[in-house]
Amino acid sequence: MQENTFRVRFWGVRGSLPVSGEQFLRYGGNTPCIEVRCGSEVLLFDAGSGLREAGVALTSEGISAYDLFFTHSHYDHIIGLPYFKPIYNCSTAVRFWSGHLYGRMSTKRMVGEFMRPPWFPVDTDICQSSMDCVDFRPGDTLAPRKGVTIRTMSLNHPGGCVGYRIDWGGRAVALIYDTEHEAGILDPAILEFIAGADLMVYDCTYLESEMSAFRGYGHSTGMHGAKLAQAAGVRRLAMFHHDPSRTDLELAVMEEEVQAFFDGAFAARDRQIIEL
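Residues numbered from 1 in each chain as written. Predicted model: local features only at pLDDT ≥ 70, side-chain atom pairs only at ≥ 80, totals over all residues. Heavy atoms only, no water.

What follows concerns the UniProt feature "domain: Metallo-beta-lactamase" (unreviewed entry) in the protein chain. UniProt feature "domain: Metallo-beta-lactamase" (unreviewed entry): in the numbering of this structure it lies at residues 43-242. Secondary structure within residues 43-242 divides into 21% helix and 26% strand; the distance between the first and last C-alpha atoms comes to 22 Å. (UniProt positions renumbered as here; feature names shortened; annotations may be inferred. Helix = DSSP H or I, 4+ residues; strand = E, 2+ residues; numbered from the N terminus.)

This brings us to the sheet that holds strand E14 (residues 273-275). One open sheet accounts for 7 strands, arranged E6-E5-E4-E3-E2-E1-E14; its pairing is mixed. Of all the strands in the sheet, the pair left with one neighbour each is strand E6 (130-135) and E14. Direction aside, neighbouring strands of the sheet carry axes that sit 20° apart on average. Across 5 bridges, the pairing between strand E2 (residues 33-38) and strand E3 (residues 41-45) is antiparallel. When the bridges of E3 are listed, Arg-37 appears paired with Val-42. (Pairing = 2+ DSSP bridges. Axes fitted to C-alpha atoms, helices over the stretch in contact; angles between N-to-C directions.)

Attention now goes to the sheet that holds strand E8 (residues 149-154). Pairing is mixed across the open sheet formed by 7 strands, whose spatial order is E7-E8-E9-E10-E11-E12-E13. At either end of the open sheet lies a strand with only one pairing partner, and these are strand E7 (141-142) and strand E13 (265-267). Bridge analysis of strand E9 (residues 162-168) against strand E10 (residues 171-176) gives 5 bridges, and the strand direction is antiparallel. Looking at the pairing, Asp-167 lines up with Ala-172 of E10. Strands strand E11 (199-203) and strand E12 (236-240) of the sheet are contacted by helix H5 (residues 222-232), whose axis makes an angle of about 150° with E11. Contacting E12 and E13, helix H6 (residues 248-261) crosses the sheet at an angle of about 170° to E13. (Contact = heavy atoms within 4.5 Å.)

Quick look at the packing of aromatic side chains now. Given two aromatic rings, their pairing is described by the distance between the two centres and the angle made by the two planes. Applying the stated criterion across every chain yields a total of 13 aromatic pairs. A centroid spacing of 5.7 Å and a plane angle of 65° characterise the contact between Phe-6 and Trp-168, whose relative ring orientation is edge-to-face. With a gap of 162 residues between them, Phe-6 in strand E1 (residues 6-12) and Trp-168 in strand E9 connect regions that are remote in the sequence. (Phe/Tyr/Trp six-rings, centres within 6.5 Å; stacked < 30°, edge-to-face > 60°.)

Considering all chains together, one arrives at 16 salt bridges under this definition. Across the pair Glu-61 and Arg-37 runs a salt bridge whose closest N-O atoms are separated by 3.2 Å. Here Glu-61, found in helix H1 (residues 50-61), pairs with Arg-37, found in strand E2; they are 24 residues apart in sequence, far enough to count as distant. Its relative accessible area of 40% is what places Glu-61 among the partly exposed residues. Here the salt bridges do not stand alone but share partners, grouping Arg-7, Arg-9, Glu-35, Arg-37 and Glu-61 into one network. (Salt bridge = Lys/Arg side-chain N within 4 Å of Asp/Glu carboxyl O. Buried < 20%, exposed > 50% of the residue type's maximum accessible area, 1.4 Å probe, protein only.)

Structure follows, in structure tokens:
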């Protein structure tokens, strides 16, 4: 890995629950997991079903230190955690970060309550890696590794959710999901947060025509993401958190419609790599 490499790899791009079948081959069916590589440092965002494949690949690379950040703890964003190979390896170190439950539940308690019987056959005592947990308040700026700065913000989602902006080496990627927008309004806080980013990953669960039927569900649209990206000078937009019923053909149509408005947009795919 080159020292100046800033890379985003999508291990899971689907929302709500994993899907499989002939209609979901192009964009994939794993739920959220994003790898951000800052030189030799490995940052992971969310522990959806894509985390299993990420763990296998990263272990084969010989990676031994991980920082895993949760946007929130709904099932689709944590279901892969018990299947993350590095937590069972005594030669690895994994640090978990969360802020969406600040003041209500610690990161350690959140992980421990999810990974235990009857939800899983064993609890975290079986894990052999060095595991640490870090709590933060949304709005804090984090410094998980040398030279890596991560800003955080609260997003509009039931139960809370955290958006992340990772700045490293003069480049930036902003992760804005799961979140719901207000019709006709470009949130000034989000515009400031994403300003000038090289890449924004944005919640595109619904189409504009569907939003009125799903108010309060905590999700947005690719077209709204494109409007935010255009207004904030973002270079590229990765549409993310695809509805589990959205087929490859339907996603391709959505992708084309959003690209007609903002040519830097694309629908993210499992295992896709973006170099920044």
